[in-house]
Amino acid sequence: MMKHNWTVEDIEAIYDKPLMELIYEAATVHRQHNAYAEVQISSLISIKTGGCPEDCAYCPQAARYNTHVKAHKLMEVEEVVETAKKAKAGGSSRLCMGAAWREVRDNRDFDKVLEMVKQVNALDMEVCCTLGMLNYEQAQKLADAGLYAYNHNVDTSEDYYDEIITTRTYQDRLKTLENVRKANLTICSGGIIGLGESRKDRIGMLKVLSNLQPHPESVPINTLVRVPGTPLEDQPKVPVQDLVRMIATARILMPKTVVRLSAGRMEMSLSDQALCFMAGANSIFAGDQLLTTPNPDFQEDKQMFDILGLQPRKAFKDVEKPEPSKLS
Ligand code: SAM
Ligand code: DTB
Ligand code: SF4
């Protein structure tokens with residue numbers, strides 16, 4: 001039975017366990033609920049880069065910060081499909097298209113994105129989009145075009161949110177997730193550690209995610225990529241044990257969810273990553289680029305999978321999309 005009424009005390013009791021015990025428990029839950037050696041390989045394409053009006057303090061794509069990112073208009077459909085084919089050849093079963101937008105607007109660019117979704121879906125990949133805020137009709141249009149998942153991160157706790165983003169609210173984020181769910185899409189939502197948040201904020205974020213009903217099918221846990229020019233460029237590096245704690249706790253709270261070891265792998269050793277897989281991470285972003293920052297390439301990850309005895313998870317595994325009528 002999945003639990004959706006976790007209290008702060010419940011989560012603290014898990015999060016604060018001695019690390020070895022926490023990893024062991026998370027690994028046990030993972031083996032009970034999932035094929036533990038299977039790891040989903042997901043790739044990212046930045047279909048529209050930079051020039052974003054929002055003020056997310058971590059983000060190199062916000063127009064107001066002076067970073068290495070050059071703004072680029074929406075990519076052409078053909079170029080996206082070619083890149084998707086390469087990702088598939090590299091072993092990816094999922095493709096996430098990201099746009100540096102505050103929100104989706106009903107215009108020609110959105111029609112183009114719908115066409116991208118259609119064509120990538122035809123490659124038999126799980127198609128995901130992350131395009132900012134969305135209303136119900138837009139979510140429905142994406143679903144009709146064949147979208148499988150929508151990514152919209154809560155990013156941090158409700159309390160800490162205002163320290164990181166002022167141009168929209170936590171409630172806006174939750175409303176978008178509600179629209180996504182109503183359109184019968186699967187939800188990908190997680191957050192970032194290393195923003196200067198406290199242990200309480202991390203627990204608060206996990207509480208929000210694990211009390212969504214149903215749980216998000218996918219929860220990315222990003223470690224801050226500290227990009228020069230952003231307000232958070234000088235944040236201290238996140239110790240790996242903090243990431244492992246987050247992953248293990250997410251795994252115990254949401255046993256069947258795909259927990260993604262997301263941004264931040266460039267700074268992790270193979271043994272650091274192995275600990276994350278042991279603690280229940282079962283997805284990565286692969287390919288030498290995240291959206292605008294570097295990531296290990298396919299070859300490196302293939303080697304890592306071989307060494308650790310991991311296998312890529314097939315597309316559309318365990319598809320159990322809830323009917324909108326069954327949602328409260
Ligand atoms: N503009 C859309 C939005 O904000 O929803 C979609 C793209 S946005 C880049 C997607 C997510 O990437 C953010 O919610 C954040 O969690 C993550 N992200 C952005 N910059 C990051 C960084 N420097 N380090 C780690 N994660 C980051
Ligand atoms: C998510 O949680 N992480 C990805 C994806 N969803 C869109 C993005 C990470 C971005 C890292 C910084 C960059 O490359 O721009
Ligand atoms: Fe814009 Fe998304 Fe970056 Fe925020 S995270 S600045 S909304 S691209």
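Structural data are supplied above this passage.
Just so it is clear, the structure is predicted and the values come from calculations on it, not from any experiment.

Asker: Whenever I open this one, the site of ligand 1 confuses me. Can you help?
Answerer: What surrounds ligand 1 is a group of 18 residues, the closest being Y58, N153, D155, R173 and V225. Here a nitrogen atom of ligand 1 and a backbone polar atom of A99 are 3.2 Å apart. Burial of ligand 1 by the protein chains amounts to 91% of its free accessible area of 550 Å². Residue classes in the shell around ligand 1 are distributed as nine nonpolar, six polar and three charged.

Asker: It is not clear to me how the nonpolar core should be interpreted in this structure. Could you clarify?
Answerer: Ranked by internal contacts, the top residues of the largest apolar core, which has 91 residues, are I47, Y58, L131 and L142. Considering every element that reaches this core, the biggest residue donor is helix α9 (residues 240–253), with eight residues. Once residues lying within four places of it in the same chain are set aside, the contact partners of L131 are I47, M97, A99, W101, E103, V104, V113, L142 and Y150. Judged by nonpolar contacts, the second largest core, of eight residues, contains L44, Y148, A149 and F285.

Asker: Honestly, the site of ligand 3 in this entry has me stumped. Any pointers?
Answerer: Taken together, C52, E54, C56, Y58, C59, A62, A100, W101 and R168 are the residues near ligand 3. A class-by-class count of the residues in the shell around ligand 3 yields seven nonpolar, no polar and two charged.

Asker: How should the environment of C129 be read in this particular structure?
Answerer: Position of C129 relative to the elements: it lies in strand β3 (residues 126–130). Classification of C129 by relative accessible area gives buried; the value is 0%. It is 4.7 Å that separates the C-alpha atoms of C129 and M97, two residues lying 32 residues apart in sequence. Contacts of C129, omitting those with residues within four sequence positions, involve M97, V113, V117, L142, L147, A149, Y150 and N151.

Asker: I would appreciate a short explanation of the packing of helix α1 (residues 8–15) against α9 in the present structure.
Answerer: Geometrically, a packed helix pair is captured by the angle between its two axes and the distance between the axes. The contact between α1 and α9 brings their axes to 9 Å, and the two run at 125°. Considered as vectors, α1 and α9 are oriented oblique to each other. Helix-helix and strand crossings are classified by hand; for α1 and α9 the assignment is right-handed. Residues I11, I14 and Y15 of α1 pack against R245, M246, T249, I252 and L253 of α9.

The rules we used
Residues numbered from 1 in each chain as written. Chains lettered and ligands numbered in written order. Predicted model: local features only at pLDDT ≥ 70, side-chain atom pairs only at ≥ 80, totals over all residues. Heavy atoms only, no water. Near = heavy atom within 4 Å. Polar contact = N/O pair within 3.5 Å; in protein donor to acceptor, adjacent residues only side chain to side chain. Areas by Shrake-Rupley, 256 points an atom, 1.4 Å probe, with all protein chains shown as cover. Nonpolar A, V, L, I, M, F, W, Y, C, P; charged D, E, K, R; others polar. Core = buried A, V, L, I, M, F, W, Y, C linked by side-chain atoms within 4.5 Å. Buried < 20%, exposed > 50% of the residue type's maximum accessible area, 1.4 Å probe, protein only. Helix = DSSP H or I, 4+ residues; strand = E, 2+ residues; numbered from the N terminus. Contact = heavy atoms within 4.5 Å. Axes fitted to C-alpha atoms, helices over the stretch in contact; angles between N-to-C directions. Parallel < 35°, antiparallel > 145°, perpendicular 65-115°, else oblique. Left-handed = near helix turned anticlockwise from the far one by under 90°.

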